[in-house]
Amino acid sequence: MGTGKSGFSILKVLGKGIIPVIGLLISGVGQAGSEPEPVGESLSLLSRLSHAAHDQSYRGTYVVQRGSEMESSKILHARIHGEELTRIEVLDGRPREITRDGKETRCYYPVQHKIRIEKGYTRHLFPALIEVPYEQYLRYYDVSQVGMNRVAGRECRRILLRARDRQRFDHEFCADVDTDLILKAVTYDQHHEPLETLLFTEVSEDDPMSAELLKPTYPDSIQWKKVFFPPPVADHLSYQWDIQALPPGFSKILQMSIQSTAVPGAPFEHLVFSDGLSSFSVFIRPLQGEGFRPVQARIQSSALSYYSGTVGQHRIVVVGEVPQEVVTAIGQSMTITEETH
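Every residue gets a number counted from 1 within its own chain, in the order that chain's sequence is written. At least 70 in pLDDT is required for a residue's local features to be given in this predicted model, at least 80 for side-chain atom pairs to be given and counted, and no such filter applies to totals for whole chains, interfaces and linings, which use all residues. Only heavy atoms go into the side-chain values, all of them from the structure, while hydrogens and water stay out.

Structural notes on the packing of aromatic side chains
Logical step 1: Stacked, edge-to-face and tilted labels apply to pairs of Phe, Tyr and Trp rings (six-membered ring for Trp) whose centres lie within 6.5 Å, assigned for plane angles under 30 degrees, over 60, and everything in between, in that order. Tallied over the entire structure, the rule returns 9 aromatic pairs.
Logical step 2: Between tyrosine 62 and phenylalanine 126, the ring centres sit 5.1 Å apart and the planes meet at 55 degrees, which makes this aromatic pair tilted. Note that tyrosine 62 is positioned in strand S1 (residues 58–66) and phenylalanine 126 in the loop between strand S6 (114–118) and helix H4 (135–140), a separation of 64 residues in sequence. For the pair tyrosine 62 and phenylalanine 126, a shared accessibility class is recorded, and that class is buried.
Logical step 3: Through a chain of ring-to-ring contacts, three or more aromatic side chains come together here, namely Tyr62, Phe126 and Phe200. Runs of H or I in DSSP of at least four residues are treated as helices and runs of E of at least two as strands, each being numbered from the N terminus. The classification of residues rests on relative accessible area computed with a 1.4 Å probe and restricted to protein chains. Under 20% of the type maximum is buried, over 50% is exposed, and intermediate values are partly exposed.

Quick notes on the pattern of salt bridges
Logical step 1: For salt bridges, the criterion is a side-chain nitrogen of Lys or Arg within 4 Å of an Asp or Glu carboxyl oxygen. Scanning the model with the defined rule gives 22 salt bridges in all.
Logical step 2: The salt bridge involving glutamate 84 is made with arginine 79; its shortest N-O contact spans 3.6 Å.
Logical step 3: Its salt-bridge partner being glutamate 104, residue lysine 119 comes within 2.5 Å of it at the nearest N-O pair. Residue lysine 119 is found in the loop between S6 and H4, and its partner glutamate 104 is found in the loop between strand S4 (96–100) and strand S5 (105–109); the two are separated by 15 residues along the sequence.
Logical step 4: Here lysine 119 falls in the partly exposed class, since its relative accessible area comes to 42%.
Logical step 5: Classification of glutamate 104 by relative accessible area gives buried; the value is 14%.

Section: the state of the cysteines
Logical step 1: Cysteine sulfurs are considered disulfide-paired once they come within 2.5 Å of each other. Scanning the model with the defined rule gives 1 disulfide in all.
Logical step 2: Shown here is the disulfide that connects cysteine 156 with cysteine 174, its sulfur atoms set 2.2 Å apart. On the sign convention where negative means left-handed, the S-S torsion of about 85 degrees between cysteine 156 and cysteine 174 marks this disulfide as right-handed. Taken together, the residues cysteine 156 in strand S8 (residues 154–163) and cysteine 174 in strand S9 (residues 170–176) connect sequence positions 18 residues apart.
Logical step 3: Taking the relative accessible area as the measure of exposure, cysteine 156 reaches 0% and is therefore buried.
Logical step 4: Assessed through its relative accessible area of 1%, cysteine 174 is described here as buried.

Points about the side chain of threonine 99
Logical step 1: Positionally, threonine 99 belongs in strand S4.
Logical step 2: A relative accessible area of 9% places threonine 99 in the buried class.
Logical step 3: Not counting residues up to four positions away in its chain, the partners in contact with threonine 99 are Thr86, Arg87, Glu104, Thr105, Arg106, Tyr108, Leu214 and Pro216. Residue contacts follow a heavy-atom distance rule, with two residues in contact if any of their heavy atoms lie within 4.5 Å.

Regarding the nonpolar core
Logical step 1: In this structure, Leu46, Phe126, Ile130, Leu161, Phe173 and Phe200 are the most contacted members of the largest nonpolar core, which totals 39 residues.
Logical step 2: Setting aside anything within four residues of it in sequence, one finds phenylalanine 200 in contact with Gly60, Thr61, Tyr62, Ile75, Phe126, Pro127, Val151, Ala152, Leu181, Ile182 and Leu183.
Logical step 3: With 18 residues, the next largest nonpolar core counts Phe250, Leu271, Val322 and Met334 among its residues. By nonpolar core is meant a set of buried Ala, Val, Leu, Ile, Met, Phe, Trp, Tyr and Cys residues that side-chain atoms within 4.5 Å join together.

Side note on unusual backbone geometry
Logical step 1: Omega for the bond connecting phenylalanine 126 with proline 127 falls within 30 degrees of zero, at 5 degrees, which places this linkage in the cis form.
Logical step 2: For proline 127, the position within the fold is in the loop between S6 and H4.
Logical step 3: At the junction of valine 132 and proline 133, the peptide bond is cis and its omega measures out at -5 degrees in the coordinates.
Logical step 4: Unusually for a residue other than glycine, histidine 113 sits at a positive phi of about 55 degrees.
Logical step 5: With respect to the helices and strands, the residue histidine 113 is situated in the loop between S5 and S6.
Logical step 6: The phi dihedral of histidine 192 is positive, around 65 degrees, even though this residue is not glycine.
Logical step 7: With respect to the helices, strands and loops of the structure, histidine 192 is situated in the loop between strand S10 (182–188) and strand S11 (194–204).
Logical step 8: Residue classification places histidine 192 among the partly exposed positions, given a relative accessible area of 39%.

A closer look at the environment of arginine 154
Logical step 1: Here arginine 154 shows up in strand S8.
Logical step 2: On a C-alpha basis, the gap between arginine 154 and glutamate 202 in space is 9.3 Å, while along the polypeptide they are 48 residues apart.
Logical step 3: Non-local contacts of arginine 154, meaning those with residues more than four positions away in its chain, are made with Asn149, Asp176, Leu183, Val203, Ser204 and Glu205.
Logical step 4: A polar side-chain atom of arginine 154 sits 3.0 Å from a polar atom in the side chain of aspartate 176. Here a polar contact is taken to be a pair of N or O atoms separated by no more than 3.5 Å, where protein atoms must pair a possible hydrogen donor with a possible acceptor and residues adjacent in sequence count only if both atoms sit in side chains.

Topic: the sheet that holds S5
Logical step 1: Note on pairing: DSSP must find at least two bridges between two strands before they are called paired. The 12 strands are arranged S7-S8-S9-S10-S11-S1-S2-S3-S4-S5-S6-S12 in an open sheet whose pairing can be described as mixed. The open sheet has two edge strands, strand S7 (141–151) and strand S12 (225–229), and neither has a second partner. Across this sheet, the average inter-strand angle for adjacent strands is 20 degrees, counted without regard to direction.
Logical step 2: Here 9 bridges tie S7 to S8, and the two strands are oriented antiparallel to one another. Looking at the pairing, valine 151 lines up with arginine 154 of S8. The convention used is that axes are lines fitted to C-alpha atoms, helices contributing only their stretch in contact, and that angles between N-to-C directions extend from 0 to 180 degrees.

Right, dumping it as structure tokens:
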């Protein structure tokens, strides 16, 4: 995901140290009368969508659209000798390539001669958007089949995950009728307008691919700079935080402390929360040095809602793919306690 307008707004609030982490945040609505599937059938359906994306071999081109921003990528995916391998080449903007195996995800940036290596934290890569445990989705979404569509020349069934509360968005998938592979995924806002759309423009299942085909295409990258994500954690933070208005179903999937080059000596905390489909990030940084003023702002840009405010002597920024009132409530409910020694 590019930083876009949301990233620029956060950059102004937190400083240049935010740039390496902000990138982690990347049909039609079903009929109002559509009935949810029985629990057993819903679990079976979600399982098929997940296994189709993880276990099959396929290649294709897909497009991601967020507001007025659009990006296309080529993907190769296979499971070879029990190991799942993926290679994604971003076709727009500066050259980028992503490779993933069972151990890590690597992002190659040939212009900067840089490789970002992600271990532990695993972001969702289209079309692998459904993960275990499937029961988690049924606690907060009603699953229903709402008709048929055609994507990339293939017939697909539309599957709606309608949020049971107003603290998350609706999601719709269109899955190939023969393979169950997700061909299209849409996130809708509370007004049933698409916030984000991912869809294949062409896709095919191939005979088993070779592992060589899924290796990165930059053989000269051995000397490139390696950046590890999450970065090393700061030794100690001088504060403790709590979110009193954390939406039900969202749990923390990542926490890290990052030393900012913009304000030496003041690491900021980055927290990521997810319910399996939607996610949001919280950034916390002490107010230090000249130029920091207690300012509060709320905007919504593209698929991301945004909140900025202060709690005591700390700047709080919340950004994510949840309703605006949710990120506002999260930010306003943050409590921070200075540790005493």
